[in-house]
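Structural description and commentary
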Amino acid sequence: DDDDDDDSSVASALEPYDISDEDGEEPDVDGDPAAVADSADDPAARRLRAARATARRIARLPRPKTLSSCVDALRQARRGDETATSKSSIDRADEAEGAVHAAEALIRAGPEEIIGCAPAMVSALLHAHPATPDPEPLGAARRRALAAMCAVVPGIAGPALAFEAFASGRCDAGQKLEVLDAVADAARELAALPPVPDRDGDGTPRVGFADGDARLLGDSRASKPLATARVQKVGRERVFAPASLARLRAGPSAVAQSATSKPRRTRAHLIGASLAGPLLAGAIEMVRSAEDRAFAASREEAAVRADPGAVHVPGGGIDALVLGRALGCLGECCAAARNAPDAAKIAGGVLELALSPGAMNHAQPHVRRAALFACVGAVTSVPPAAAWHALSGGVGGVAAGSALARGLAALEDAAGRARVTDPDGDAR
């Protein structure tokens, strides 16, 4: 009857997706049955075929062309020109998966457009989990897109990402860990941006000419570099430190040219206010929750000791995992912001948080190790002059009560106690 037909169609629709390498090239085994069997049983060959099939399937996914259409695809939203039956749920899932894989390129290609849709893109990316047979490439692409978002527009995307992950209540522990990994990647990228050797695209150097950078003025003399004097060598010459001698003989213009051909670019001054600050606010709440759970656990353990028949089930393992990763991410942000003007302020806040009882005296050893790692990142990022100013109290003692001074003094005591009393060998 009709019900039987419907059941059979549903059963056929629920068959697992076959990602076998059907249209791939078969290995050249010259018709040898033994070689065919060996290639079929080889785990490396099977993994290679599966990787090729995954790459082909991802390449065939539909991809959006603009950021607004990317947000719509990530949300799997219907547009006005579509009817209820125009696309199936599988088509929408494929569109969402393709949008995740295309998001990083769209973000880096259109920073002007992303300024207006950064909060929507952050929320859509973070909550985009379409049905897919390849979850690992999807997670890696989402993390790269979130890191690109924080690197391109950190002032907008950083606070939005921290709020969505730690204050909205809509993210689980896995999503929070993904956000922390993306923030750490973005901080490292902001600290060391790729060089831009030639902004004009004509391949000619920008310095080393007699009249400065004449290309900016449209002067044809820009094509005539400085004339170098010819040196006539007589006899045998013994050369020490040839690279240094070559730089000295070439003169200051060549040194300037080699230095500006690949300039060092950094936006480390944006890490503190855009990434570390919002993350620090979320980590403070996590440390307070850890302190409350530790107090409740101590009361329950006391009740168990008083009543041997009582049952106490310890918890908070997932929250401790997120807290440890957040402390580690703060340490990485401090290391990335080493050359920033506000490095001392960031280090002071991170030291105050990492040395709090909820982090330094946590029951989980990996959280205590992460707190010490955050302290190391904070201390090594402080300029020596700022550290000496804080330790000495400054002129007239104005810096004696600063957060950095309190943190450096407390770190010495906490590190000494951990080295003697901590039961974890790695923490000691």
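Conventions used here
Residues numbered from 1 in each chain as written. Predicted model: local features only at pLDDT ≥ 70, side-chain atom pairs only at ≥ 80, totals over all residues. Heavy atoms only, no water. Helix = DSSP H or I, 4+ residues; strand = E, 2+ residues; numbered from the N terminus. Buried < 20%, exposed > 50% of the residue type's maximum accessible area, 1.4 Å probe, protein only. Areas by Shrake-Rupley, 256 points an atom, 1.4 Å probe, with all protein chains shown as cover. Arc of directions from axis to C-beta. Contact = heavy atoms within 4.5 Å. Salt bridge = Lys/Arg side-chain N within 4 Å of Asp/Glu carboxyl O. Core = buried A, V, L, I, M, F, W, Y, C linked by side-chain atoms within 4.5 Å. Disulfide = S-S within 2.5 Å. pLDDT = per-residue confidence, 0-100. Axes fitted to C-alpha atoms, helices over the stretch in contact; angles between N-to-C directions. Parallel < 35°, antiparallel > 145°, perpendicular 65-115°, else oblique. Left-handed = near helix turned anticlockwise from the far one by under 90°. Nonpolar A, V, L, I, M, F, W, Y, C, P; charged D, E, K, R; others polar.

1. Focus: the overall build of the chain
Of the regular secondary structure elements, the chain holds 18 helices and 0 strands. Split into buried and exposed, the 428 residues of the chain put 36% on the buried side. Of the roughly 25100 Å² of accessible surface on the chain, 56% is carried by carbon and sulfur atoms.

2. What about helix 4 (residues 67-75)?
Residues three or four positions apart in an α-helix share a direction because the helix packs 3.6 residues into each turn. Buried within helix 4 we find L67, C70, V71, A73 and L74. One face of helix 4 carries all of its buried residues, which in axial projection span an arc of 165°. Turning to helix 4, the residues buried within the fold contact helix 5 (89-109) and helix 6 (111-126). Looking one or two residues past helix 4, Q76 carries a phi angle of roughly 55°, positive in sign.

3. Comments concerning the side chain of E178
Take E178: it is sitting in helix 9 (residues 173-191). Beyond its immediate chain neighbours, meaning those up to four positions away, E178 contacts L126, G139 and R142.

4. Here's the deal with the pattern of salt bridges
Applying the stated criterion across every chain yields a total of 17 salt bridges. When the shortest N-O distance is used, the salt bridge between R325 and E332 registers 3.5 Å. In this structure R325 comes out as partly exposed when scored by relative accessible area, which is 22%. Look at E332 and you get buried, because its relative accessible area is 19%.

5. Notes on the nonpolar core
If you look at the biggest cluster of nonpolar residues, it comprises 90 residues, and the most contacted ones within it are L74, I107, L125, M149 and L327. Setting aside its immediate chain neighbours within four residues, M149 contacts I107, I114, A118, M121, V122, L125, P154 and A157.

6. Some details on the environment of P119
Examined against the element boundaries, P119 turns out to sit in helix 6. Taking C-alpha positions, P119 is 9.2 Å from P159, a pair spaced 40 residues apart along the chain.

7. Details of the state of the cysteines
Tallying each qualifying case throughout the model produces 0 disulfides. Looking at C375, it has no disulfide partner, and the nearest cysteine sulfur is the one in C334, 9.5 Å off. By relative accessible area, C375 is classed as buried at 1%.

8. Details of the confidence of the model for the chain
On average, the chain scores 76 in pLDDT, and the residues at 70 or more come to 69%. Across residues 198-224 the pLDDT falls below 50, and counting only partners more than four positions away or on other chains, this stretch makes 28 contacts in the model.

9. Concerning the packing of helix 14 (residues 343-354) against helix 16 (residues 365-381)
Interaxial distance between helix 14 and helix 16 falls to 9 Å at its minimum, and their mutual angle equals 160°. Comparing their axes, helix 16 and helix 14 come out roughly antiparallel. Note that helix 14 runs across helix 16; the crossing there is left-handed. Here A343, A347, V350, L351 and A354 of helix 14 lie close against helix 16, whose contacting residues are A371, A374, C375, A378, V379 and S381.

10. Focus on the packing of helix 13 (residues 317-336) against helix 16
Viewed as axis vectors pointing N to C, helix 13 and helix 16 meet at an angle of 10°, and their least axial separation amounts to 7 Å. One way to sum up the angle between helix 13 and helix 16 is to call them roughly parallel. The handedness of the crossing between helix 13 and helix 16 is left-handed. Counting all contacts with helix 13, which are made through A320, L321, L323, G324, L327, G328, G331, E332, C334 and A335, the residues of helix 16 involved are H366, V367, A370, A371, F373, A374, G377, A378 and S381. Here the residues of the contact of helix 13 with helix 16 sort into 12 nonpolar, 6 polar and 1 charged.

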